[in-house]
Structures are given as structure tokens and as C-alpha cells.
Amino acid sequence: AQSVTQLGSHVSVSEGALVLLRCNYSSSVPPYLFWYVQYPNQGLQLLLKYTTGATLVKGINGFEAEFKKSETSFHLTKPSAHMSDAAEYFCAVRPTNFGNEKLTFGTGTRLTIIP
Amino acid sequence: ETGVTQSPTHLIKTRGQQVTLRCSSQSGHNTVSWYQQALGQGPQFIFQYYREEENGRGNFPPRFSGLQFPNYSSELNVNALELDDSALYLCASSLDSGGVDEQFFGPGTRLTVL
């Protein structure tokens, strides 16, 4: 079975500072990896995903994440935080076998931006 | 292009009642997945439908059931509601093209069970 651990249920950073949200996964084989963002009273929006190839993945809104197989990690970063980044962020994994689209999510990290 | 829509946005029921939640897929999508998001938690996979057939199920009891219609819209039915069923229910649609298809999420239905 696959699982996702997000360290830190709440993270606060100052506007303009580095954003680092941590995600570790547990899986018998490396899964596909995703980061989603959820704004209040909205559904989830895909920020970025890793499937194969380059381990540093760039997404929308200036976010990027690096897949590190040896550390079973997929941490999300953004060099300079903006007030509009305040939201809930979810890391998710999906099996790589064809036809299985089940996403397994972490418990989320609420990001607060301090003016 | 219309995104994923869900109805109703909010719903209040009492224990033991039954509820039906609805989801309209994004245009051209043939796969629908349903997730339950309890307060302060990440979404939990309920089940997925592909071309009107259930195609995977999470760890939810049989009182959670679903349908997908020929136009690929979908329903989630929950019987014998329990207090713990209170949650945000998210629907996500995708086009199963054989690749790693993005799931597009609707805004959810907030269900409160009293």
C-alpha cells in the first residue's frame, strides 16, 4: 500500500521568503507524484507532477519540486512567497500501473504568508 | 470549456437518511473519481468510474455507491448516513488516454450529518 507523509500541518513564511513544504512517500515501487493546492471553498488544483524523466519538476505559480528516490521525498519549493500563495497544499501519489488512477493524499500543509 | 461542476454545494441531513450528490464531468472526460475530505484531512479515494463501470474502490463500505451515466456525469449515493460521513465530497474527472492523465476537481459538496 502507498502512503504519504507531509511534515508540518502549518507553515508560516514571510512574504518574499523561501517556501519549503515537505513530502515523503512510502511505496514498494516509486509512484507518480503530485502536488495540489486548495484555496478556501474550492476544489483542488494541480500544481505539478512527476512521472518520469527529469527529477526537478516545474509547475504553475513559480513552484517546483524535486523527486529524490533515495530519500523517498518530493518536497515543494518556491523561491519567493507571495500573499496569494496562502492556501492548503496536498502531496499525493498514484500507482504506475495502467488504469489505476487512485490518488493517495497526505494530510495537507496549511501555508500562511506573513506580510 | 466547462469545468467540473458539483451539486448541491451544501447539504444537511440527519443520521439514517440517504443522500445523492451529483457531478458533471469536464467536457470530453470519460473517467470520474470521488473523494471524501474530512475536516483537516486530505481527500480519501472512494471509487472511480470509467465508461459507466466501477473501476477501483477505496476502503469505504457498500452503503457508498455510485453511478456514471452515458454522458459521463456521475452520482454518489450514501445510505444510512452516519455522523462521520460529514465531509467535503470531491468529484474529479479525467480523460483516460493511457498516460498520466490530470484529474480535474470540482469545488465539492459539503455534507453535514446531524
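The numbers attached to residues start from 1 for each chain and follow its sequence in the written order. Written order determines the labels here, with chains lettered from A and ligands numbered from 1. The predicted origin of the model limits local features to residues at a pLDDT of at least 70 and limits the giving and counting of side-chain atom pairs to 80 or more, whereas totals for whole chains, interfaces and linings rest on all residues. Computation of side-chain values: all heavy atoms of the structure, hydrogens and water removed.

(A) Looking closely at the overall build of chain A. What chain A contains, in helices and strands, is 0 helices and 12 strands. In this description a helix means any DSSP run of H or I spanning at least four residues, a strand means any run of E spanning at least two, and both kinds are numbered starting from the N terminus. Across chain A, helices and strands are ordered from the amino to the carboxyl terminus as β-β-β-β-β-β-β-β-β-β-β-β. Radius of gyration (C-alpha) of chain A: 14 Å, near the 13 Å computed for a compact globule of 115 residues. With the C-alpha coordinates of chain A rotated into their principal frame, the extents come out at 45 × 30 × 20 Å. For chain A, buried positions account for 44% of its 115 residues. Put simply, 56% of the contacts in chain A that link residues at least 6 apart link residues at least 24 apart. Each accessible area is a Shrake-Rupley result for a 1.4 Å probe, and residues are judged covered by the shown protein chains and nothing else. Taken as a whole, chain A presents about 5500 Å² of accessible surface, with 53% of it coming from carbon and sulfur. For the radius of gyration, the atoms used are the C-alpha atoms, and the globule rule reads 2.2 Å times the number of residues raised to 0.38. Working definition: with a 1.4 Å probe on protein chains only, accessible area under 20% of the residue-type maximum means buried, over 50% means exposed, and in between means partly exposed. It only takes one pair of heavy atoms within 4.5 Å for two residues to be counted as in contact.

(B) How the structure looks around the layout of surface pockets. Residue and element names in this part refer to chain A. In this analysis a 1.4 Å probe is tested at points of a 1 Å grid over the protein atoms alone, and where it fits but cannot get out there is a cavity; an open set with protein on both sides within 12 Å along at least five of seven lines is a pocket; lining residues have an atom within 4 Å of a point. Grid points are joined across faces, edges and corners, and a volume is the space filled by probe spheres set on the points. For the largest pocket, the calculated volume is near 510 Å³. Residue contributions to the lining of the largest pocket peak at 3 residues, all from strand S10 (residues 87-94). Residues were grouped as follows: Ala, Val, Leu, Ile, Met, Phe, Trp, Tyr, Cys and Pro as nonpolar; Asp, Glu, Lys and Arg as charged; and all remaining residues, including Gly, as polar. Looking at side-chain class alone, the lining of the largest pocket contains 8 nonpolar, 13 polar and 3 charged residues. Looking at the second largest pocket, its volume works out to about 220 Å³.

Fair warning: the whole summary comes from geometry, so function is off the table for now.
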